[in-house]
Amino acid sequence: MTREVHRIPPAPRRSVRWSTALWNRWPFALFGFLFSVYGGLITLMLTFHAAGKPSDDRALDAGALTAEAKVLDVVPGHAVLPSGAHAVQVHYSFSTSQHELFGKSFAAEGVHAGDRVTVEYLAERPEVNRVADGRLYLLADWATPAFTLTVVPGVLFWVIWFVGVLRMRALLVHGDVAVAKIHSVAQIPWVVPSMLLARFSFLDRNAHGVAGRHWVRERSSLGERLLTNPDSLAVVHDRKHPWRHRLIIPEEFAKA
């Protein structure tokens, strides 16, 4: 074990591998990905389903046919049109030379069920239509809270993870090295990728005993080392705050 500790480069260890630090607090990165990416996509998908795509509005702006429509229902909301007018979602039906169509779009307040309104539609795709001077695409009322409840926490998870990565790398670069006595190694159930929980103790620079534990990927080099020779390992720890520590092996440093 002494020989293995001596193989750990002296501080500052600029050769520490980034992959060693990137796995620190990885659940925060996972939740950040799920909340920010999938939450954002689901919010966009539901918004497009509730109204239309921005490209459809641009196509209608470029040139559209018009028809008279009967308003079937008006749903109040808090969206605002580009003109600054408060918008409601209007459901209507209208006829072209070939089709009887139903549509919905956002229009300025003041429209009521039973009214007659002018709608615009694309000649080649009449299913793309909107009330004249209205919009197909506006963020729905629930889009902002949905964004706040998914994407914003996701970004916060990313920030927490990234700060943890930087702190772990700083610990690996500048921390003191000691010999850790491994007391137990157990597999953590219901976690993917498979993880090991190692419990250990070591003496810090002042010869004070410190108890620690460390989640380790089972398929990593450190995980294989724990499974094959779970007696003692090197541990790097913060000199002032030894409760900040991490088990380490020489293979987790790049060769000079």
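Residues numbered from 1 in each chain as written. Predicted model: local features only at pLDDT ≥ 70, side-chain atom pairs only at ≥ 80, totals over all residues. Heavy atoms only, no water.

Q: Describe the overall build of the chain, and please don't skip the residues or the numbers.
A: Counting secondary structure elements, the chain contains six helices and ten strands. What you see for the chain is a C-alpha radius of gyration of 30 Å, clearly larger than the 18 Å of a compact globule of 256 residues, by over 25%. Taking the principal axes of the C-alpha coordinates as reference, the chain spans close to 90 × 35 × 35 Å. Put simply, the chain has 256 residues, and 42% of those count as buried. Pairs at least 24 residues apart make up 65% of the contacts formed inside the chain by residues separated by at least 6 positions. Accessible surface computed for the chain: about 14900 Å², of which carbon and sulfur atoms make up 60%. (Helix = DSSP H or I, 4+ residues; strand = E, 2+ residues; numbered from the N terminus. Rg over C-alpha atoms; globule rule 2.2 N^0.38 Å. Buried < 20%, exposed > 50% of the residue type's maximum accessible area, 1.4 Å probe, protein only. Contact = heavy atoms within 4.5 Å. Areas by Shrake-Rupley, 256 points an atom, 1.4 Å probe, with all protein chains shown as cover.)

Q: Explain the confidence of the model for the chain to me, and be specific about the residues and the numbers.
A: Mean pLDDT over the chain: 87, with 92% of residues reaching 70 or higher. No element of the chain has a lower mean pLDDT than helix α1 (residues 2-6), which averages 68, and none a higher one than strand β4 (residues 116-121), which averages 95. (pLDDT = per-residue confidence, 0-100.)

Q: Outline the sheet that holds strand β9 (residues 232-237), listing residues and values.
A: Taken in spatial order, the five strands line up as β8-β7-β6-β9-β10 in an open sheet, and their pairing is antiparallel. A strand with exactly one partner marks an edge of an open sheet, and here the two such strands are β8 (209-217) and β10 (245-248). Taking the axes of each pair of neighbouring strands and ignoring which way they run, one obtains an average angle of 40° across the sheet. With four bridges joining them, β9 and β10 adopt antiparallel strand pairing. Directly across from H237, in β10, lies its bridge partner H245. Running over the sheet, helix α6 (residues 221-228) touches β6 (176-188), β7 (195-203), β8, β9 and β10 and is turned about 115° from β8. (Pairing = 2+ DSSP bridges. Axes fitted to C-alpha atoms, helices over the stretch in contact; angles between N-to-C directions.)

Q: Which residues make up the environment of H91, and what are the values?
A: With respect to the element layout, H91 can be found in strand β2 (residues 87-95). Assessed through its relative accessible area of 24%, H91 is described here as partly exposed. Once the C-alpha coordinates of H91 and G103 are considered, the two residues, twelve residues apart in sequence, prove to be 5.9 Å apart. With residues up to four places along the chain from it excluded, the contact list for H91 reads K70, V71, L72, D73, V75, G103 and K104.

Q: A description of helix α4 (residues 54-62) should follow, citing residues and the corresponding values.
A: Here α4 has its buried residues at D56, D57 and L60. For α4, the buried positions fall inside an angular range of 100° around the axis, keeping them on one side. Turned more than 90 degrees away from the buried face of α4 sit R58 and A62, all of them exposed. Looking at the buried residues of α4, the elements they touch are β4 and β5 (129-131). Just downstream of α4 lies G63, where phi reads positive at about 160°. (Arc of directions from axis to C-beta.)

Q: For α6, give the residues involved together with the corresponding values.
A: Here α6 has its buried residues at L222, G223, R225 and L226. Looking straight down α6, one finds its buried side chains confined to an arc of 160°; they lie on one side.

Q: Residue-level account of the environment of P193, with values.
A: By the element assignment, P193 lies in the loop between β6 and β7. Classification of P193 as partly exposed rests on a relative accessible area of 32%. P193 sits 181 residues away from P12 along the chain, and the two C-alpha atoms are 31 Å apart. P193 has contacts with W23, W26 and R217, leaving out every residue within four places of it along the chain.

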